[in-house]
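# Structural overview for review
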Amino acid sequence: MAKRGKSGGRNSQRPAAGVIEVPKGTRPDGPVEGVYYIDTGDCELIADQDNSNGWLLRINGVMSSHIDLADPLFLDFEYMRWMAALIESRWPVASGKGGAQPEPYRLRGLHLGGGACSLARYFHAAYPDARQVVVELDGKLAEYVRGWFDLPKAPLLRIRVGEAREVTETLTPDTRDFIIRDVFAGSLTPRPLTTAEFNSHIRRVLAPGGIYVVNSGDAPDLKNAREDAATIAAAFEHTVIIADPAMLKGRRYGNMVMAGSDAPLDGDPQLARRLLGGAVPAHIWNDAQVRAFAAGSPVRHDPAALSIAP
């Protein structure tokens with residue numbers, strides 16, 4: 001698993017003894033360590049002992065996010081770095097060196113699952129003209145995150161409170177360049193966000209050339225990952241998987257990053273080198289490898305779709 005990555009495989013213990021519990025209804029300006037009541041339970045804000053500018057967010061006992069207040073381009077969780085690398089391979093970020101610079105991309109991003117908005121904050125720094133929407137189920141958590149962290153204001157970044165599938169189904173076609181799914185209930189993504197019918201909504205909302213990127217957590221048997229891959233491969237012409245070798249071989253619990261698009265995703269040799277150069281070196285599987293990995297696994301469907309199948 002990526003360091004401190006969002007996943008149900010992490011220790012789900014309750015907040016440690018000695019942490020100050022913040023009374024219900026309070027909202028500090030800026031981050032303050034403590035346990036906070038939210039709509040879906042509680043969250044704990046923890047100062048990063050290895051980084052004086054860093055903060056960790058644990059939601060209902062599961063480590064969810066990391067923020068570096070001084071550097072929005074620092075991502076502590078490996079799987080988030082892999083997602084960022086994949087998106088930047090499609091839309092290269094200006095280097096800042098001498099010579100003519102390309103026009104900035106005006107990307108339109110949708111994040112399903114909010115947490116501390118780490119990736120949304122990252123992409124704002126990488127693509128200052130981007131317009132992003134973060135869909136977060138927990139309204140109180142969204143309010144806290146706005147107060148704690150240096151998040152861009154609307155329209156650059158809007159936090160929309162709602163259930164991810166319901167919100168996605170209301171969106172206008174061809175209006176997002178990338179969509180990131182990073183939603184967990186316990187150790188797995190809620191099933192309604194993993195089906196072929198949901199993927200059809202994702203395809204409808206994505207603009208041509210857009211990328212759908214998901215965080216798929218699984219145990220060593222990789223059953224969930226194979227079904228996730230089969231369902232994404234059924235919806236998109238081009239797919240990739242990014243993970244470290246131990247995860248790809250089913251040797252541990254962890255995170256896989258999967259992506260689908262109507263355009264090739266694995267044609268950038270610099271992407272493979274960048275992934276290998278991280279603190280946790282990762283490999284990228286091309287479309288043929290993804291389909292071989294998923295072979296024999298069922299494509300997930302909504303229960304209603306299954307009930308009317310011939």
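Residues numbered from 1 in each chain as written. Predicted model: local features only at pLDDT ≥ 70, side-chain atom pairs only at ≥ 80, totals over all residues. Heavy atoms only, no water.

Quick look at the overall build of the chain now. Counting its secondary structure elements, the chain contains 10 helices and 12 strands. Contacts in the chain between residues at least 24 apart in sequence constitute 69% of all its contacts with a sequence separation of at least 6. For the chain, the exposed area adds up to about 13,400 Å²; of that, 54% sits on carbon and sulfur atoms. (Helix = DSSP H or I, 4+ residues; strand = E, 2+ residues; numbered from the N terminus. Contact = heavy atoms within 4.5 Å. Areas by Shrake-Rupley, 256 points an atom, 1.4 Å probe, with all protein chains shown as cover.)

It is at 11 Å that the axes of helix α1 (residues 78–90) and helix α2 (residues 118–126) come closest, and there the two elements cross at 35°. For the pair α1 and α2, the sense of crossing is right-handed. Between α1 and α2, the contacting residues are M80, M83, A84, I87 and E88 on the first element and S118, L119, Y122, F123 and A126 on the second. The class makeup of the residues in the contact of α1 with α2 is eight nonpolar, one polar and one charged. (Axes fitted to C-alpha atoms, helices over the stretch in contact; angles between N-to-C directions. Left-handed = near helix turned anticlockwise from the far one by under 90°. Nonpolar A, V, L, I, M, F, W, Y, C, P; charged D, E, K, R; others polar.)

Right, let's get into helix α9 (residues 287–294). Every buried residue of α9 is listed here: D287, V290, F293 and A294. Seen from one end, α9 has its buried residues packed into an arc of 125°, which puts them on one side. In α9, the exposed residues that point more than 90 degrees away from the buried face are A288 and A292. Looking at the buried residues of α9, the elements they touch are α6 (223–235), β10 (238–243), β11 (254–261) and β12 (283–285). Two residues or fewer past α9, G296 is found with a positive phi of approximately 90°. (Buried < 20%, exposed > 50% of the residue type's maximum accessible area, 1.4 Å probe, protein only. Arc of directions from axis to C-beta.)

This part covers the confidence of the model for the chain. Reading predicted coordinates in detail is not appropriate for stretches of low pLDDT. With 86% of its residues at a pLDDT of at least 70, the chain reaches an overall mean of 88. Every residue in residues 1–20 scores below 50 in pLDDT, and together they form 65 contacts with partners more than four places removed in sequence or on other chains. (pLDDT = per-residue confidence, 0-100.)

Omega for the bond connecting A154 with P155 falls within 30 degrees of zero, at 10°, which places this linkage in the cis form. With respect to the secondary-structure elements, P155 resides in the loop between α3 (139–148) and β7 (157–161). Phi at C117 is positive, roughly 60°, even though this residue is not glycine. Mapped onto the elements, C117 comes out in the loop between β5 (108–112) and α2. What makes C117 buried here is its relative accessible area of 3%. Of note in this structure, D174 is not a glycine but carries a positive phi near 60°.

Looking now at the pairing of strand β2 (residues 41–47). Counting buried residues along β2, five of its seven residues qualify, which places the element largely inside the surrounding structure. Examined bridge by bridge, strand β1 (residues 34–38) and β2 share five bridges and lie antiparallel to one another. Counterpart to Y36 in the pairing with β2 is C43. As judged from the five bridges shared by β2 and strand β3 (residues 54–59), these two strands associate in the antiparallel manner. The residue bridging E44 from the neighbouring strand is R58, located in β3. (Pairing = 2+ DSSP bridges.)

The next point concerns the packing of aromatic side chains. Per the stated rule, a full pass over the model turns up 11 aromatic pairs. When the centroid spacing of 6.4 Å and the interplanar angle of 70° are considered together, the rings of Y105 and Y127 count as edge-to-face. Separated by 22 residues along the polypeptide, Y105 in the loop between α1 and β5 and Y127 in the loop between α2 and β6 (131–136) bring together distant segments of the chain. The buried category is assigned to Y127, whose relative accessible area is 3%. When the ring of F123 is compared with that of F178, the centres are 5.0 Å apart and the planes differ by 50°; the resulting orientation is tilted. (Phe/Tyr/Trp six-rings, centres within 6.5 Å; stacked < 30°, edge-to-face > 60°.)

With antiparallel pairing, four strands are arranged side by side in an open sheet as β1-β2-β3-β4. Every interior strand has two partners, whereas the edge strands, β1 and β4 (62–68), have only one. Neighbouring strand axes in the sheet, compared pairwise and without regard to direction, differ in orientation by 25° on average.

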